[in-house]
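Here's the letter readout for the chains.
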Amino acid sequence: MSAPEELKGPDFGAGVDARQLKDGEPLLGHAGGEPVVLVRAGEICAVGAVCTHYGGPLAEGIVEGGTIRCPWHHARYDLRTGAPERPGRDAIACYRVEQQGGRVRVGERLTIARPRSAARPDSVVIVGAGAAGNACAEELRRQGFDNAITMVGPEAPVDRPNLSKDYLAGTAPEEWVPLRGRDFYAQQRIDFLDQVQVTAIDAGRREVRLSTGRTLAYGALLLATGAEAIRLPIPGAERALTLRSFADSKAIAARAVAGQRAVVIGASFIGLEVAASLRTRNLDVSVVAPESRPLERVVGPELGDFVRGVHEEHGVRFHLGRKPARIDADSVTLDDGRVLPAELVVMGVGVRPRLHLAELAEVRMDRGVLVDANLRTSAESIWAAGDIARFPDPRSSRPIRVEHWVVAERHGQHAARAMLGAREPYRAAPFFWSQHYDVPIAYVGHAESWDSIEVKGNIAGRDCLVAYRQAGRVQAVASIYRDRESLLIEAAMERGDDPAIERVLRA
C-alpha cells in the first residue's frame, strides 16, 4: 500500500563484513534490486525489509523470539519462513545467505515449502468473515490444512481500521479496503458464502444450518461473529449513520459534502476518527458526548485532554457533558435544549458482541464467550475468537474481552493452529492504534482500571510514553511517536518481563 522504497544501505549481493551484524539488530541494505534486512539471531537470516500491511520499515522494528516486528502496527514475521502474524497480510521474502571468509552475501529468493498438516478436523466452518474469521481461514491453509473450509459472513473481509481513517477521509483508494479478492478464496479453496447466514448450531451433531436451509457438518467450528454498532434509544436515532462495515463507510463518505455540517455522537476512538476524517473532507464537525473529556476512561485525563486539543486545532467543536435528546432531518437537539444544525449525523457510541449463535450452541458465557488459553469454548470442537471471546489474559490472570482488530486477527490465527493440534497458549499482548490527523496513538496491554498514570516524555510535544499502573505494575502503555519502545514493551509483556518494561520506561 506504499510506493516502492528507495534502496538504502549496503549491497548485500556483493557481501558485507560479518562484523557489521550485531545480535538482534536489523541491518538494512539491498540485494537483487530489492530492500533486504539482515539479522543475526542465532543464525544469520535475510528477509524482505517492507511490512506487507502498510509498508512499514522492518529495519526500524525489533527482533524477538525468532521474529522481526514492524514498528507501525506490530505485524511480525518469522525470520526463517517469512510467515506473517497479523496484521501482516502476506509473507515477506526470505533469501539465501552465504558466509565465506568473514563476509556475508545474500543470494536469490528462497522458495519456502508450505508445511504439510496431519489434517485433524474433517472440515472447518467459520462463522464470521471479519478479521478473526479471515485470519483463521488463511492460517489453516498456510499450515498445510487441505480439507474443506467454509467461511460464512455478511461481506467480504476488509481492512476495518481503514474504514474510519484514510478511506473515510478520502485519502486512500477503495482497492485498499478489501483484504482479499474473490480469486484469492477460490485459489485457496476457501468456500466463502457472503449472501448466507448461519441460523442454528447443533453442537451435538456438529452441524450448522444456513438461511438457505442447507446443513453443513463440521469437524471444527470457529465462532467469530464480531460486534454490531449500538444505537441510542432516542427519537430519530434511525436517521444517524453508524460505522461498522465497508457499506457503512461508503454511506458516510457519500453524504460527506464539503461545507455541510456534521454531528458525531460519541467521543470514542471511532467517533473521533470519524470526526477527523470529516474535517479532512472540509465538513463543519461537532462532537457530542456525556463525559467531561474524550477518551478519559481508556487513556486517562492527560492524553484525553491532548486529543481534544488536537481536534480543536483542526476546527472540531466539542459539546461535552451533554447527550442527544432527538435527531431530526437537519438537526440534533441536546438534552439542555440546544439545537445543532446537521446535514449528517454519525453515531459512534460503542458496539455490542453478537452472541446469539453462541447462545444457541450452549457454550459457557460471561459477558462474552468464555474460552481457554487456546480459544476453545466449553463445547467440543468449537472455538471462539475476536470481539465475542472472553479469553485468559496472562498478564492480569483475569478473563478479558477486547474489541481490537489486531487482537481479532491474532485470535483467528491462533485458533487455526489450535484446531490442528498446537497447544501453545495464546500470549499476544493486546494492541491497537488510532490516528488523529497527523498524530498516531499506539496502545499495548490492557488496563480496564488503574491507580496511577506515569508520563514519560512530552504529550504536548507528541513524543511520549504513558504507562497505566495498578498496584505499581504496568498494565498498559500508550505512546505517540515512540514506535520502537512500544514494540519493546509489547515483547516484554508477552515474556512476563516486568524489569524490561521498567527499563524502557526509564530510558
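In this report, the structure presented in the accompanying data block is examined. (Residues numbered from 1 in each chain as written. Predicted model: local features only at pLDDT ≥ 70, side-chain atom pairs only at ≥ 80, totals over all residues. Heavy atoms only, no water.)

1. As for the environment of A428
This is how it is decided: In this description a helix means any DSSP run of H or I spanning at least four residues, a strand means any run of E spanning at least two, and both kinds are numbered starting from the N terminus. Residue contacts are counted whenever heavy atoms from the two residues lie within 4.5 Å of one another.
Note that A428 resides in the loop between α9 (405–419) and β31 (431–436). Counting along the chain gives 14 residues from A428 to H414, while the straight-line C-alpha distance between them is 9.8 Å. In this structure, A428 is in contact with R410 and E494, ignoring residues within four places of it in sequence.

2. Brief notes about the nonpolar core
Put simply, the test is: To form a nonpolar core, buried Ala, Val, Leu, Ile, Met, Phe, Trp, Tyr and Cys residues must be joined to one another through side-chain atoms within 4.5 Å. The rule is simple: take the accessible area with a 1.4 Å probe, protein chains only, and divide by the maximum for that residue type; under 20% is buried, over 50% is exposed, in between is partly exposed.
With 77 residues, the main nonpolar core has L140, I201, V208, L221, L222 and L223 as its most contacted residues. If you look at the next biggest cluster of nonpolar residues, it comprises 48 residues, including L241, L303, L344 and V439.

3. Topic: the pattern of salt bridges
The criterion, for reference: Each salt bridge in this description consists of a side-chain nitrogen of Lys or Arg and a carboxyl oxygen of Asp or Glu lying within 4 Å of one another.
Per the counting criterion, the structure on display carries 49 salt bridges. The salt bridge partner of R322 is D335, with a shortest N-O separation of 2.7 Å. With R322 in the loop between β21 (317–320) and β22 (324–328) and D335 in the loop between β23 (331–334) and β24 (339–341), the pair connects residues that are 13 residues apart, well separated along the chain. Exposure remark for R322: the relative accessible area of 24% places this residue in the partly exposed category. Through salt bridges that share partners, R86, D90, E138, E139, R142, R180, E409 and R417 make up one connected network.

4. Things to note about the pairing of strand β34 (residues 463–470)
Filter applied, for reference: A pair of strands is treated as paired once DSSP finds two or more bridges between them.
Where burial is concerned, most of β34 is hidden: six out of the eight residues are buried. Taken together, the seven bridges between strand β33 (residues 452–458) and β34 define a ladder with antiparallel strand orientation. Its bridge partner being in β34, S452 is matched across the sheet by R469. Pairing of β34 with strand β35 (residues 473–480), which is carried by seven bridges, proceeds in the antiparallel orientation.

5. What about helix α6 (residues 269–280)?
Our working definition: How far a helix is expected to stretch is found by multiplying one less than its residue total by 1.5 Å.
End to end, α6 covers 16 Å across twelve residues, agreeing with the expected 16 Å (1.5 Å per residue, within 8%). Taking burial as the measure, the twelve residues of α6 include nine buried ones, the bulk of the element. N282 lies just past α6 and shows a positive phi near 65 degrees.

6. Let's talk about the sheet that holds strand β30 (residues 398–400)
Taking strand neighbours across the sheet as the criterion, the three strands line up as β27-β29-β30 in an open arrangement whose pairing is mixed. Every other strand in the sheet has two partners, leaving β27 (369–370) and β30 as the edge strands with one partner each. Strand direction decides the pairing type here: strand β29 (residues 389–393) and β30, joined by three bridges, are antiparallel. Bridging across to β30, P392 finds its partner in P399.

7. What to know about the packing of α6 against helix α7 (residues 296–313)
Packed helices, taken two at a time, are described by the angle between their axes plus the distance between the axes. Going by this rule: Only C-alpha atoms enter the line fits that serve as axes; for helices the fit covers just the stretch in contact. Angles between N-to-C directions range over 0 to 180 degrees. Note on terminology: angles under 35 degrees are roughly parallel, angles over 145 are roughly antiparallel, angles of 65 to 115 are roughly perpendicular, and the others are oblique. In this scheme, a crossing is called left-handed if the near helix is turned counterclockwise away from the far one by less than a right angle; it is called right-handed if the turn is clockwise. Residues are grouped as follows: Ala, Val, Leu, Ile, Met, Phe, Trp, Tyr, Cys and Pro are nonpolar; Asp, Glu, Lys and Arg are charged; every other residue, Gly included, is polar.
Interaxial distance between α6 and α7 falls to 12 Å at its minimum, and their mutual angle equals 15 degrees. Considering the angle they form, α6 stands roughly parallel to α7. Along this stretch, α6 crosses α7, giving a crossing that reads as left-handed. Two secondary-structure elements touch here, α6 through F269, L272, A275 and A276 and α7 through V298, V299, V307 and H311. Taken together, the residues of the contact of α6 with α7 sort by class into seven nonpolar, one polar and no charged.

8. Some details on the sheet that holds strand β8 (residues 84–85)
Pairing in this open sheet of four strands is antiparallel, and the strands run β5-β6-β7-β8 from one edge to the other. Among the strands making up the open sheet, the edge pair consists of β5 (62–64) and β8. Where strand β6 (residues 67–69) lies against strand β7 (residues 76–78), three bridges are found, and the strand directions are antiparallel. The residue of β7 that forms the bridge with R69 is R76. Docked against the sheet, helix α10 (residues 483–495) engages β5, β6 and β7, running at close to 10 degrees with respect to β5.

9. Quick word on unusual backbone geometry
For the bond from R86 to P87, the omega torsion is 15 degrees, close enough to zero to count as cis. In this structure, P87 sits in the loop between β8 and β9 (94–100). In this structure, N282 takes a positive phi of about 65 degrees despite not being glycine. As for its position among the elements, N282 is in the loop between α6 and β20 (284–289).

10. Details of the environment of A186
Mapped onto the elements, A186 comes out in helix α4 (residues 182–187). For A186, a relative accessible area of 59% corresponds to the exposed category. For the pair formed by A186 and R255, sequence separation is 69 residues and the distance between their alpha carbons is 35 Å.

11. Points about the pairing of strand β3 (residues 34–41)
Pairing of strand β2 (residues 27–31) with β3 involves five bridges; the strand directions are antiparallel. The residue of β3 that forms the bridge with A31 is E34. The turn joining β2 and β3, which pair antiparallel and follow one another in sequence, is formed by two residues; a positive phi near 60 degrees is taken by G32. Bridge count between β3 and strand β4 (residues 43–48): six bridges; the pairing is antiparallel. Bridging from a neighbouring strand, V37 pairs with V47 of β4. Taking the residues between adjacent antiparallel strands as the criterion, β3 and β4 are bridged by one residue, where G42 takes a positive phi near 80 degrees.

Nothing here speaks to function; it is all geometry.
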